[in-house]
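Spelled out from the first residue to the last, the chains are:
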Amino acid sequence: MRARLSDIAQQADVSEATVSRVLNDRPGVSAETRQAVLTALDVLGYERPARLRKRSAGLVGLVVPELDNPIFPAFAQVIESNLAQGGYTPVLCTQTAGGVTEDEYVEMLLDRQVSGIVFVSGLHADTAADHERYRKLLARPLPIVLVNGYVAGIDAPFVSCDDREAGELAVAHLVALGHRRIGLISGPNRFMPVQRKIAGYRAAMKRLVGLADDEIDELISLSLFGVEGGQAAAGRLLDRGVTGIACGSDLMALGAIRAARQRGLSVPGEVSVVGYDDSPLIAFTDPPLTTLRQPVIAMAVAAVRALIDEIHGHATHRSEYVFRPELVARSSTGVAPLSVPEAA
């Protein structure tokens, strides 16, 4: 028992005395610390004492791409909190370049006999990926919920933000400020959310600006997600004389602002930038970023409720629950300049 206490204490980052108090159901331990010890117990594969088993309905996996983009910790925090409130112990699985893959995490979670898995922006969002992996999970059967990405023919609940509307709202906002040379930067085209943003952007540019498809093609620049990718993609558009840029993420928008400043252009004086996500702290950038806010709390709550219903055998509407983004106007957008900025 001594060795087991030591293992659990190390996993939960608490003292062995704290572990002992939790396992013996004694007072003097905060709810957060108690949950950390119980999670460590589950993750290490130890059976809970009988007096504690009623406190958890089981493990639930939460698989997210990475934590560098603050939108993913935001989703993880709300999903984990709601799972815990529902009596489940969340197990967070985050991916890094060259690290554990989504499939490897799934195998680990299956070994722990999880009750279900929530995937956020996983391989289900990649149209080039093999989605048979999700059908195999459902056939076990294992309840799953997929957030931000949609695959036809997968009999599971999907929860998404309306990316097409986000693309339209960004263009409409910039057009209302007088912009006509409006570009779009986003991640690789194989991702479903990117395809939907492009569709919304195209529809708005045709309807509100009157451009033809070939003219719109010149104003779309795709790159890798992230600040560096945004900077590279925006640089190509600035060379083509755009005055407004709609971005596929807030981090890409920060890259676009950097690209504009490198050319001696002011934001929003000469170039307007619109992000996507409204991730934490983005209102405090320089300048504060106009962005399309994902309703993270509502989406996360819906995902957890759908998963718990599936776990309990109450089949949900196995389709896509779509949530509307909200335009949050801040000072990174302004009235279109009288003349188009010249490329540096």
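Residues numbered from 1 in each chain as written. Predicted model: local features only at pLDDT ≥ 70, side-chain atom pairs only at ≥ 80, totals over all residues. Heavy atoms only, no water.

- The name given to the protein chain in an unreviewed UniProt entry is HTH-type transcriptional regulator MalR, and the organism recorded there is Phytohabitans rumicis.

What to know about empty space enclosed by the protein
A water-sized probe, rolled over the atoms, reveals where empty space remains.
Argument step 1. The full count for this structure, using the stated rule, is one cavity of 30 Å³ or more.
Argument step 2. The space that makes up the largest cavity amounts to roughly 80 Å³.
Argument step 3. Taken together, Ala-166, Gly-167, Ala-170, Leu-184, Lys-197, Tyr-201, Ala-246, Cys-247, Val-274, Gly-275, Tyr-276 and Leu-292 form the lining of the largest cavity.
Argument step 4. Every element with two or more residues in the lining of the largest cavity is listed here: helix 8 (163–176), helix 9 (192–209), strand 8 (244–247) and strand 9 (272–277). (1 Å grid on protein atoms, 1.4 Å probe; cavity = no way out; pocket = protein on both sides within 12 Å on 5 of 7 lines; lining within 4 Å. Points joined across faces, edges and corners; volume = space filled by probe spheres on them. Helix = DSSP H or I, 4+ residues; strand = E, 2+ residues; numbered from the N terminus.)

Considering the layout of surface pockets
Argument step 1. When its volume is computed, the largest pocket comes out at roughly 1,100 Å³.
Argument step 2. Along its surface, the largest pocket is lined by 38 residues, and Pro-65, Glu-66, Phe-72, Ser-121 and Phe-225 are the ones closest to its centre.
Argument step 3. At the level of secondary structure, the elements contributing two or more residues to the lining of the largest pocket comprise helix 5 (71–85), helix 6 (102–111), helix 9 and strand 9.
Argument step 4. Partitioned by chemical class, the residues of the lining of the largest pocket number 16 nonpolar, 13 polar and nine charged.
Argument step 5. Lining the lining of the largest pocket are residues from two domains, each supplying at least three of them: domain 1 (58–161 + 295–325) and domain 2 (163–293). (Nonpolar A, V, L, I, M, F, W, Y, C, P; charged D, E, K, R; others polar. Domains from an automatic or database assignment.)

Describing the environment of Leu-224
Argument step 1. Looking at where Leu-224 falls in the secondary structure, it is placed in the loop between strand 7 (220–222) and helix 11 (227–238).
Argument step 2. In this structure Leu-224 comes out as exposed when scored by relative accessible area, which is 61%.
Argument step 3. Placed 39 residues apart in sequence, Leu-224 and Ile-185 show a C-alpha to C-alpha distance of 9.8 Å.
Argument step 4. Those residues within four positions of Leu-224 in sequence are excluded, and the remaining contacts are Pro-188, Gly-229, Gly-230 and Met-252. (Buried < 20%, exposed > 50% of the residue type's maximum accessible area, 1.4 Å probe, protein only. Contact = heavy atoms within 4.5 Å.)

Re the side chain of Ser-272
Argument step 1. Tracing the chain through its elements places Ser-272 in strand 9.
Argument step 2. Judged by relative accessible area, Ser-272 falls into the buried class, the value being 0%.

Concerning the pattern of salt bridges
Argument step 1. Using the criterion set out here, one finds 17 salt bridges in the structure.
Argument step 2. Among the ionic pairs, Asp-25 bridges to Arg-34, the shortest N-O distance being 3.6 Å.
Argument step 3. Exposure remark for Asp-25: the relative accessible area of 29% places this residue in the partly exposed category.
Argument step 4. A relative accessible area of 14% means that Arg-34 is categorised as buried. (Salt bridge = Lys/Arg side-chain N within 4 Å of Asp/Glu carboxyl O.)

Brief notes about the sheet that holds strand 11 (residues 320–323)
Argument step 1. Pairing is parallel across the open sheet formed by six strands, whose spatial order is 2-1-3-4-5-11. Of all strands in the sheet, those with a lone pairing partner are strand 2 (88–94) and strand 11, marking the two edges. Between one strand and the next, the sheet's axes are offset by a mean angle of 15°, whatever the strand orientation.
Argument step 2. Where strand 3 (residues 116–120) and strand 4 (residues 144–147) come together, four bridges link them in parallel fashion. Paired with Val-120 across the bridge in strand 4 is Val-147. (Pairing = 2+ DSSP bridges. Axes fitted to C-alpha atoms, helices over the stretch in contact; angles between N-to-C directions.)

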